[in-house]
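Structural overview for review
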Number of protein chains: 2
Amino acid sequence: MVLSSQGQAPAAAVKYSSIIEELGRSIVSGELQPGGRLTIEGLQARFKVSRTVIRDCMRILESMNLVFSKRRVGIVVQAPRHWNVYDARIIRWRLEGTSRARQFKSLTELRCAVEPLAAAGAARNATQEQRAVVVNLAQQLRTLGEAGRLDEFLAVDIEFHALLLLASGNEMFSALDDVVTEVLRGRTTQGLMPRTPREYSLASHEAVAAAIAGSDPDAAETEMRNLLAEVQEAVT
Amino acid sequence: MVLSSQGQAPAAAVKYSSIIEELGRSIVSGELQPGGRLTIEGLQARFKVSRTVIRDCMRILESMNLVFSKRRVGIVVQAPRHWNVYDARIIRWRLEGTSRARQFKSLTELRCAVEPLAAAGAARNATQEQRAVVVNLAQQLRTLGEAGRLDEFLAVDIEFHALLLLASGNEMFSALDDVVTEVLRGRTTQGLMPRTPREYSLASHEAVAAAIAGSDPDAAETEMRNLLAEVQEAVT
DNA sequence: GGCGATTCAAAGGTAGCATCTTTACATTCG
DNA sequence: CGAATGTAAAGATGCTACCTTTGAATCGCC
C-alpha cells in the first residue's frame, strides 16, 4: 500500500486519475450520499471524456467498494461500512477531508494495536543490518530532538517506525507503513507534538531499539507500548 | 471489506470476474512472477473476450496494485510488497493458495494485535443492545462448547468476535471482520482446535463479555489478551 | 563507443453499435 | 379495486474499428 504513488506506476497523470480523485473524495466526504446514483452518461458529460474512461473509473471505484453498478439503475454509492478502508487512496481522502480528526483517531488506535507486536516481531525477525539501523536511527532521534530540529526529527521518526513494521516479518504490518507515516506527519502538522520531543519519548525509542538489537521481543513490545502511551493520550 | 461477495453487488457473475479471479490467483500464488509481462492482446486471445473486458480487469488488478501497465511495455506484475494485502480478494486468494499457512500466521498475529484494543473500544462504545448480545453470545458459547456442538460453536464464535470489532467504534477494526471470520473458520477446518473448547477459553469469552457489559475497557483488553494467548500459541 | 534521432509496439482514448437486465408503467383479468 | 402479466425504455455490459501517445529499442552519426 503506497499512499503517494500507485506502486511502481509512473507518476504520469493518466487521464482518469483526476476523475477518480474527485469522485472518491465526494463519496468519502459524504457529499455523495450512500444510495445516491450516477450514470455513465452523466459523468461522461460532466467530465467531457469518453465512455471508456468513465467505465475504467467506475471499475476502480467499484473495486474499492465505494460504488456498485447495476443495469438499468446506474452507479450506486455504497454505504461506508462496505468501503475498503485500508485502501491507500481512501485513507488519504479521508485524511484530507472533513472527517480528518475522526480518521486520525482511528488510525492512531490502529497504530497502538499493531506497533507493539510489530516491534516484538522485529526483535525476532530483523536482519543484522536492520537491527543496526534501528539503533542508529534512535541515536539520531536523540541528537535531532535535543537540538530541536523538528523537521529532520520527523523524517527520521518516520523511517524508524517504517523500518520496524518492515522488519516485523509480517506483511500485514508492513503494509501499514503509509498509515504510520501519515499519522506521524499529521501529528506534527496539527501541532499535537511538543515543541521539543520529550525525554521520555527519546528514551523509549532507544529502549525499543535496544530491545530489537538484543533480540528481546517482550521488552520491545513493552517499550513500544510505553512509547505509544504518550501518543494515545494526545488523541483521546 | 467483504470476502464472500462484492458488497451489495448482485452475485450475478459479470463476465470479467472469472478472469480477475484467475489472474489474481496466478499472481498471488507466484505462478506469475513479479516483473512478468502480459499484454491486452494476449489476454484477449487467451480468454476469448473483447479488449473492453480485459481493460476493465486490468484496471481492477491495477487498483489492487497487483500489476501496473505501461505503454509500449504491457502489463507488468508487481512485487508482493506493493500489493494491497488488506483487499478482501487478495486475502482470499492467499488463503486458498499455497501460501496458506504463512498468510494464516500473519492474519492471526494481526488478530492478536487488534482484538484486545477492539474489546477495550467495545467496552467504551458499544450500545446497550450490543452489550446484551455479547453476553448472550458468550453464554451460548459455553452451552455449545460443553455440548461439543462444534459447528454451531464456530458460528457463534465468529459472531462474537465480529460483534466486538463492530462495537469497537473504530472502522479500521470493524473492517477486519472478514479476516477474523476467515481465521476462525480456517482454524477449525485445519484441526487446530481442541475437540471440545477448553474451559479456559469459555471462561475468557465470558470474562470479555462481562467486562464489556460492565464498561470496563482495561479488563476487556486484558481478558481478550488471555483469550488470544491460546490462539497465538497454536500458530507459532 | 557513446549519444541523439527514428521507429514502432503496445497502452490510452474515442466512437458507435448491439445486447442484456431490470425497472416502471400500463394493461388485463379475477 | 387489486394482483398478475405484458411491454417499453433506461442504462450497464460487451464488441469492433480506429486514432493518439508514449517510451523502449534500434539505427546511424559523430
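Since this is a predicted model, take the numbers as computed values, not measurements.

Criteria and thresholds
- Residues numbered from 1 in each chain as written.
- Chains lettered and ligands numbered in written order.
- Predicted model: local features only at pLDDT ≥ 70, side-chain atom pairs only at ≥ 80, totals over all residues.
- Heavy atoms only, no water.
- Phe/Tyr/Trp six-rings, centres within 6.5 Å; stacked < 30°, edge-to-face > 60°.
- Helix = DSSP H or I, 4+ residues; strand = E, 2+ residues; numbered from the N terminus.
- Buried < 20%, exposed > 50% of the residue type's maximum accessible area, 1.4 Å probe, protein only.
- pLDDT = per-residue confidence, 0-100.
- Contact = heavy atoms within 4.5 Å.
- Pairing = 2+ DSSP bridges.
- Axes fitted to C-alpha atoms, helices over the stretch in contact; angles between N-to-C directions.
- Least-squares fit on C-alpha atoms with pLDDT ≥ 70 in both.
- Expected span 1.5 Å × (residues − 1).

**Topic: the packing of aromatic side chains**
For the coordinates displayed, the defined rule picks out 1 aromatic pair over all chains. Taken together, a centroid distance of 4.3 Å and an interplanar angle of 5 degrees make the contact between Y86(A) and Y86(B) stacked. One end of the pair, Y86(A), is in the loop between β3 (74–77) and α4 (88–96); the other, Y86(B), is in the loop between β3 (74–77) and α4 (88–96), on a second chain. For the residue pair Y86(A) and Y86(B), the accessibility class agrees, reading buried in each case.

**A short note on the environment of Q139(A)**
Residue and element names in this part refer to chain A. Residue placement: Q139 occurs in helix α6 (residues 128–147). Judged by relative accessible area, Q139 falls into the partly exposed class, the value being 48%. In the structure, Q139 is positioned 94 residues away from A45 in sequence and 57 Å away in space, judged by C-alpha atoms.

**A word on the confidence of the model for chain A**
All names here are of chain A. For chain A, mean pLDDT is 91; residues scoring 70 or higher make up 92% of the total. Per-residue pLDDT, averaged within each element of chain A, yields its smallest value for helix α9 (residues 177–189) (89) and its largest for helix α8 (residues 171–174) (98). In this model, residues 1–13 is a region of pLDDT below 50 whose contacts with residues beyond four sequence positions or in other chains number 32 contacts.

**Some points on the sheet that holds β3(A)**
The pairing of strands in a sheet comes from backbone hydrogen bonds and takes either a parallel or an antiparallel form. All names here are of chain A. One open sheet holds the 3 strands; their spatial order is β1-β3-β2, and the pairing between them is antiparallel. Edge positions in the sheet fall to β1 (37–38) and β2 (67–70), since each of these pairs with one other strand and no more. Relative to β3, β2 runs antiparallel, the two being bridged by 4 bridges. Residue pairing for β3: K70 is matched across the bridge by G74. Lying over the sheet, helix α3 (residues 51–63) contacts β2 and β3, oriented at roughly 125 degrees with respect to β2.

**Concerning the relation of the copies chain A and chain B**
Under the fitted operation, chain A is carried onto chain B by 0.0 Å of movement along the axis and a turn of 180 degrees, and the coordinates agree to an RMSD of 0.1 Å. Taken together, the rotation and translation describe the operation of a two-fold axis. In terms of proximity to the rotation axis, the leading residue of chain A is A113(A), whose C-alpha is 2.5 Å off the axis. Mapped onto chain B, 98% of the interface residues of chain A are again interface residues, and the two copies thus contact each other with one and the same surface.

**Regarding helix α1 (residues 17–29) of chain A**
Residues and elements named next belong to chain A. Helix length check: α1, at 13 residues, gives a terminal C-alpha distance of 18 Å against a target of 18 Å (1.5 Å per residue), a fit within 8%. Among all positions in α1, only I19, I20, E21, L23, G24, S26, I27 and V28 are buried. Where α1 is buried, its residues touch α2 (40–47), α3, β2, β3 and α4. Looking at the residues trailing α1, positive phi occurs at G30, about 90 degrees.

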